[in-house]
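Descriptive structure summary
Each chain, written out:
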Amino acid sequence: MQAASILADEQTVLVTGMLLVVCMGLWATGIVAEVVTAMLFFAAAMLLKLAPASTVFSGFSSSAFWLVLSGMVVGLAITRTGLGTRLARSLAGRLSGSYTGFIGAVVALSFALAFVMPSNLGRIALMIPVVLALCDAFGLGPGRPGRSGAVLAVALATPLLSAAILPANVPNLVMAGTAETQYGLHLAYLPYLLLHAPVLAGVKGMILVAAIVRLFPDRMSAAAVDTDEPALAFSPEERRLTIILGLTLAFWVTDSLHHIAPAWVGLTAAVICLLPRIGVLPAEAFGAVNLRTCFYVAALLGLVAVVNETGLGSRLGHALLAVAPLEPGAPAQNFGVLTAIASLFAIVVTANGAPALYTALAGEMSRASGLDLANVVMIQVVGYSTLFLPYQAPPIVMAMDLGRVPLRSATILTLVVGLASLFVIAPLDYLWWNILGRFP
């Protein structure tokens, strides 16, 4: 009986690995629509009995799923009420000028917002409608490369640069929670910011701007912006939506006080937007919400859960450790190897799942490399913020969908920025850590 159980477990791990390769390959190449791959995962996982339904469909109960859904409702409200256009007009005069300056301002604003809003998906939902309205104001209409560049500036800056701020995204919180639970390691806000912000946010932000300007060259039309035209009075819907957004942002900023997850705050805002008289959208407007991205996020999180529950994730991690060239007394080599391991984990189980797998193995990696445990844990931030394909971060996919950016465009930019992060950002990060005295 025991031998049969072991054989069944081995078969489950093997089949899970095959399903992982198929799903990730389809999401990466876009051969079929993301939602088709998502449905394929659900069907295959249940038919093959890889895990209980509670695990396979766990993505639907995750806060990320509901934050994506509520974010789309709020984004639709911002667009339909005209509030996004009004915000764009107020920013247009300050951002008018060069296309490079515009992209730089969008990247900087996306990063700055991470200090006050703890959710990548929430920031995407607020920023994309405003950026699209700005593109319209500057003559960057649908189909223009500059429009895709502006949307992707928000899409990549939001998850990549926010990795430098401890409470600003899901991977950071997963890492901090796992490190505290498993090792009693407590991460502090300011030391974390000093360690990561200068390179992971500052230098990477400049690389992102340069890549967008190079890959999506365009020119803004200043004549399309008439900032001298008197602003129309706020409509009742705009006033109500402004109050809803203000309260939502206030609850997001103060989540450390009331301990209500950002997803449930966003969901409440979405419900209020759809309420009669109080809200700003008719109930039938929900039909305009694109649920494809929501199903994609649910499938992605469910796949990660299945990989972890079947033991495939742990096996992959230990297999990497068995061949990883970690050596005591070689900090530069160890830094590079650990960064590469975290990057590989982010490819296999996405950026959200990588910290749980990496941190669980951090003790073994610390012993093998001779590095301090805190340093080993911190190095993974460099790795899981190095993304090569859009599917690795749900916020990128959500922004692509809201901004109608083709998968090919997003893939090219993500790949270019990922390679630059691996070969430019990682070495600079190592030098910065040495300046701070992290490696004796």
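Please refer to the structure placed before this passage.
Residues numbered from 1 in each chain as written. Predicted model: local features only at pLDDT ≥ 70, side-chain atom pairs only at ≥ 80, totals over all residues. Heavy atoms only, no water.

**Some thoughts on the nonpolar core**
Applied cut-off: Buried Ala, Val, Leu, Ile, Met, Phe, Trp, Tyr and Cys residues form a nonpolar core when they are joined through side-chain atoms within 4.5 Å. Each residue is placed in one exposure class: buried if its accessible area under a 1.4 Å probe, protein chains only, is under 20% of its type's maximum, exposed if it is over 50%, and partly exposed if it falls in between. Working definition: helices are DSSP H or I runs of at least four residues, strands are E runs of at least two. Numbering for both runs from the N terminus.
Grouped together as the largest cluster of nonpolar side chains are 149 residues, with contacts concentrated most on Trp27, Phe41 and Phe102. In terms of residue count, helix 16 (residues 331–360) provides more of this core than any other element does, twelve residues in total.

**Examining helix 6 (residues 99–113)**
Counted only if it meets this: Helix span, expected: 1.5 Å multiplied by one less than the number of residues in the helix.
Here helix 6 contains 15 residues, and its C-alpha end-to-end distance of 21 Å stays within 8% of the 21 Å for a straight helix at 1.5 Å per residue. All of the buried residues along helix 6 are Tyr99, Phe102, Ile103, Val106, Val107, Ser110, Phe111 and Leu113.

**Details of the packing of helix 10 (residues 189–215) against helix 20 (residues 407–435)**
Here is the rule: An axis is simply a line fitted to the C-alpha atoms; with a helix, the fit covers only the stretch in contact. Between two such axes, the angle follows the N-to-C directions and lies from 0 to 180 degrees. Each helix crossing is assigned a hand: it is left-handed if the near helix lies turned anticlockwise from the far helix by less than a right angle, otherwise right-handed if that turn is clockwise.
Where helix 10 meets helix 20, the closest approach of the two axes is 9 Å, and the angle between their N-to-C directions is 150 degrees. The two elements helix 10 and helix 20 cross, and the hand of that crossing is right-handed.

**Focus: a nonpolar patch on the surface**
The condition is simple: Distance thresholds for patches are 9 Å for like charges and 5 Å for nonpolar side chains (Val, Leu, Ile, Met, Phe, Trp, Tyr), applied to residues having over 30% relative accessible area and no salt bridge. Shrake-Rupley sampling with a 1.4 Å probe provides the accessible areas, and residues are treated as covered by the protein chains on show and by no other component. Whenever a carboxyl oxygen of Asp or Glu lies within 4 Å of a side-chain nitrogen of Lys or Arg, that contact is scored as a salt bridge.
On the surface, a nonpolar cluster with roughly 530 Å² of combined accessible area is contributed by Leu415, Leu419, Phe423, Val424, Leu428 and Leu431. Here leucine 415 is to be found in helix 20. For leucine 415, a relative accessible area of 38% puts it in the partly exposed group.

**A few points about the packing of helix 14 (residues 292–309) against helix 19 (residues 394–403)**
Our working rule: Small angles under 35 degrees read as roughly parallel and large ones over 145 as roughly antiparallel, with 65 to 115 read as roughly perpendicular and the rest as oblique. The contact criterion used is simple: two residues touch if any of their non-hydrogen atoms lie within 4.5 Å.
With their axes 10 Å apart at the nearest point, helix 14 and helix 19 run at an angle of 165 degrees to one another. Taken together, the axis directions place helix 14 and helix 19 in an arrangement best described as roughly antiparallel. Relative to helix 19, helix 14 is oriented so that their crossing is right-handed. Between helix 14, through Arg292, Thr293, Tyr296, Val297 and Leu300, and helix 19, the contact on the second element is made entirely by Pro394, Val397, Met398 and Asp401.

**Observations concerning the pattern of salt bridges**
Under the counting rule described, the total for this entry stands at three salt bridges. Here aspartate 136 makes a salt bridge to arginine 147, at a shortest N to O gap of 2.8 Å. Here aspartate 136, found in helix 7 (residues 120–137), pairs with arginine 147, found in helix 8 (residues 145–161); they are eleven residues apart in sequence, far enough to count as distant. A salt bridge links aspartate 218 to arginine 144; its shortest N-O distance comes to 2.6 Å. With aspartate 218 in the loop between helix 10 and helix 11 (236–253) and arginine 144 in the loop between helix 7 and helix 8, this residue pair connects regions lying 74 residues apart in the sequence.

**Brief notes about the packing of aromatic side chains**
To keep it simple, the criterion reads: Side-chain rings of Phe, Tyr and Trp (the six-membered ring for Trp) are treated as a pair once their centres are within 6.5 Å; stacked means planes under 30 degrees apart, edge-to-face means over 60, and tilted covers the remaining angles. Note on geometry: a ring has a charge over it if NZ (lysine) or CZ (arginine) is within 6 Å of the ring centre and within 35 degrees of the ring normal.
Evaluated as defined, the whole model comprises 14 aromatic pairs. On the numbers, 6.1 Å between centres and 90 degrees between planes, the contact of phenylalanine 335 with phenylalanine 439 is edge-to-face. Of the two residues, phenylalanine 335 is situated in helix 16 and phenylalanine 439 in the segment after helix 20; the sequence distance between them amounts to 104 residues. In this pair, the class of phenylalanine 335 matches that of phenylalanine 439, namely buried. Taken together, the aromatic side chains of Phe41, Phe42, Phe57, Phe60, Phe65, Trp66 and Phe295 make up a single cluster linked through ring pairs. In this structure, arginine 438 is placed above the aromatic ring of tryptophan 433, and the distance from its NZ or CZ to the ring centre is 5.6 Å.

Interpretation note: all reported values are geometric properties and have no functional meaning in isolation.
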